[in-house]
Structures are given as structure tokens and as C-alpha cells.
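Fold and contact review
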Amino acid sequence: MKFFGYILRNASRNRVRSALTIASTAISLFLMMILVSYMAIMGEVSSTVRVYNRVIAMSSNGFAGRVPIARVREVGAMDGVLATTPFVWVGGKFGEEVLPFAQFAVDADTIIDIYPELKVPADQLKAFKQDRTGCLIGRKLAKDRHFKVGDKLPIKADLYPFDLDLTIRGVYDGPEKSDNRMCMLHWDYLDELVKKSERKIDAGNAGIVVAKCASADMMPGLCKRIDASYANSDAPTRSLTEEAFGKLFADMVGDLAGMIRSIGFAVVFSLLCVAGNALAMALRERTTEIAVLKAIGFQNGLVLMLVLAEAMVVTGVGGVIGALGSKAFFDAVDVSKYSLGALPFFFVPWNAALLGVGVSIVIGFVSGLVPAYRAAHLSVINGLRKVV
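Attention in this report is confined to the structure presented alongside it. Because the structure is predicted, anything quoted here is derived from the model rather than measured. (Residues numbered from 1 in each chain as written. Predicted model: local features only at pLDDT ≥ 70, side-chain atom pairs only at ≥ 80, totals over all residues. Heavy atoms only, no water.)

**Some details on the pattern of salt bridges**
Close approach of charged atoms allows side chains with opposite charge to pair. Stated precisely, the cut-off is as follows: Salt-bridge detection follows one rule: a side-chain nitrogen of Lys or Arg within 4 Å of a carboxyl oxygen of Asp or Glu. Counting from the N terminus, the helices are the DSSP runs of H or I reaching at least four residues and the strands are the DSSP runs of E reaching at least two. The buried label applies to any residue whose accessible area, calculated with a 1.4 Å probe on protein chains only, is under 20% of its type's maximum; exposed applies above 50%, and partly exposed to all values in between.
A full pass over the atoms with the stated rule returns 11 salt bridges. Across the pair D191 and K195 runs a salt bridge whose closest N-O atoms are separated by 3.4 Å. Here D191 pairs with K195, and both are found in helix 7 (residues 187-196), just four residues apart, close to one helical turn. When its relative accessible area of 49% is taken as the criterion, K195 is described as partly exposed. The partner of K327 in a salt bridge is D331, with the nearest N and O atoms 3.3 Å apart. One end of the pair is K327 and the other is D331, both in helix 12 (residues 300-332) and four residues apart, which spans about a single turn. Accessibility expressed as a relative area gives 47% for D331, which makes it partly exposed. Each of R54, E117 and E242 takes part in a single network of salt bridges with overlapping partners.

Structural data, given as C-alpha cells:
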């Protein structure tokens, strides 16, 4: 520790160059935290939904395929199924807004039984069930747009040739790692409007069927039974657990984890080049000083350590600003409401932030190896004769 002041003085000797190195490290790691955190959040969310024992039955043709509404009743009658609901994406907008929120048509009588983590006051839930044009909205959605129970919520449908005239009958709340910006309306109301429209062919579509199982052990067998029951029908299904269903979205964009790793390696390599170049320039300016240190008795190992420590201090400061700064920023600012519904929530986990700090320190160590080695093995005579 007795050399710490000397290390800090050297690291801040050329303040512009050090500031630029710190800034490049901080900005790069700040952006990297977004990608790394996205993958970490997906893993955390997948682990949290396991306890609810939910199974999703979708069309074997993908999200655009149709699942007849009769499947909801038929799946609900299978052994081990406690409750079922259709889940239909509405895809509408509120007024002329450019930041839409997700709307789903569901079975009002069973939706909260299937999603017990969503809490609704008893009187509001009762009002929702009794009002065919009523809807439930999430706490964050109500806060973002200053909605309250009893407000009208007209939805301009994009996927259907009609609009929906909804009334907010309840506000649900849920864990921070759940979607608290949804709007849930009656499937019966949506289907009634479809039958009256020019697209009657779309009537009776359940979208997907969500089933709640009595236990986790029953889910694999239930998925097989559902698919086997409709294998030879005109609407075969693909059934999977809620955890696996969530991973489908990541698979839709390809090898997302591989892309993030590739981007991460590219960022680390670029930072190695930036930090290594900055340290090499700094040592070139201090060639004579290093020679003097060696002349007065500083051993090669000590010179090597001092140079490496200087490099790690500079990049480490950048890592703290970038990684921990990103965590503080996303904890303070809820960016999920600007994600067009793609991210119901977003945060930087502590393990991701600490990983960013650790990576910055490693970058400083690796980038400083060559300059530090050259400084440690600098000839005293050549160093004292060096003219910068």
C-alpha cells in the first residue's frame, strides 16, 4: 500500500488521456451490461415461473396458428388440470400513442386462479367478472398513464377490423419480475365482436391455452397427452411448460447468447487495444523516470507490479463507473415502459454488475502485460539516454 499514492499520481499524470481511457471503458461496459443483463433476467424469470406449474398449448404451426376454443374445455377436463384459460393477443393501441401495451383476451373466471401471483382486490375482481366489457390492468400501466378504476379504455385494434370500448374494473399487482403493464379483457367480448365483423373466420380462436397443473411432476405427461389427443386433428398442438414457452421468444431471434458472447469478446478486445495503447504512450513519456527508479534499486518485479497496478486502476475506475453506474441507472429509471411491450421489466443484476467490474480489472491487467514487461526489463543506461 505504500506505493498506492505513487500509482494514483502516475495514473492521473496525463488527465486527458486517462479520462478518455476511463470513459471508453465505462461507456463500453455500460452498453455491455444491457446485453448481459437481458440474458441474466431471462434466466431468473424462467426459474421463478417454475413454481406455478403452468403448461402452454399452442398451435403446432406457431404463434400465428389457430387453436379452437373447444380445446380450453377439453384440456381443462384432463386429469391433473386445475384450471384453463384462452390467451389471445389483441394487438391494439390506446388513442394515437406510439408506445402500446399488451392486451390479452382471457377467461375472466379462471385467469387469477391460473396466475395466483397477480393480486386483485376482491371487489374489483368481482366487478371485472360481471362486466362483459370490463378489463384488468397492471399497476405499472395504471401509474404510467394515470388510469384508475372506472375509467374508459378505448382500444383501436390493429389485428381486427373493429375497436374495443373497455372499462377499467380492476388494477392487479404482481411481483417485480412479472408483467405489470398488461390489459386483460373478456374473451367472450372479443369473440362476439369478431363474429359481428367481416372476419367471422377468426371467431372461436383461443390463441393459446394456458393450463394450471396440480403438480410439477404432472406437467411432462400432460404435455404429451394434449399433443397426442390432437395429433390427427385439423389443429394439432405443441404443448410445453411455461418456462420452455418463454425460451421460444429468445430462440426466435436465433442464437442470442452466442451473439452476445461475440459482441462481448469484440468489446473486450477493443478495450484491450485502447488501454494498452494509452499505457504504452504513458510509459514512453516516463522512460527516463523508470530508468531512475531502477538505478536507485527498484527490482524488475516491483516495476512490473507498479505498471500493472496503474493499468488496472485506470480500467477499474472505468468499470466501476460503467457497470455499477448502469445498475444505478436502471434501478432508478424504469426503461421497460419505452420498450413497446417487449420488456415487461428490466434491471441489472448484482452478479452482472460485479462481473463487469471484474472484466474491467482483467482488461487492465492483460493490456498492461506487454508495456509492464518492457518497462521492467528496460536497461538503465538506455533509459537514461532516451530522449522523448
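There's more to say after this.
**Section: helix 12**
The line we're drawing: In a helix, the anticipated span is given by 1.5 Å times the number of residues less one. The seven residues ending at a residue and the seven starting there each receive a fitted axis; the angle between those axes is the bend at that residue.
Taking 1.5 Å of rise per residue, the 33 residues of helix 12 would be expected to cover 48 Å, and the 47 Å separating its terminal C-alpha atoms lies within 8% of that figure. Of all bends in helix 12, the biggest is about 25 degrees, found at G325.

**Here's the deal with the packing of aromatic side chains**
The line we're drawing: Only rings of Phe, Tyr and Trp enter the pairing, Trp through its six-membered ring, and a pair is recorded when the two centres are within 6.5 Å. The plane angle decides the type: under 30 degrees is stacked, over 60 is edge-to-face, the rest tilted.
Per the counting criterion, the structure on display carries eight aromatic pairs. Pairing F329 with F330 gives two aromatic rings, centres 5.1 Å apart and planes at 80 degrees, and the pair type is edge-to-face. Site record: aromatic cluster; members linked through ring pairs are F87, W89, F104 and Y115.

By themselves, these figures tell us nothing about what the structure is for.
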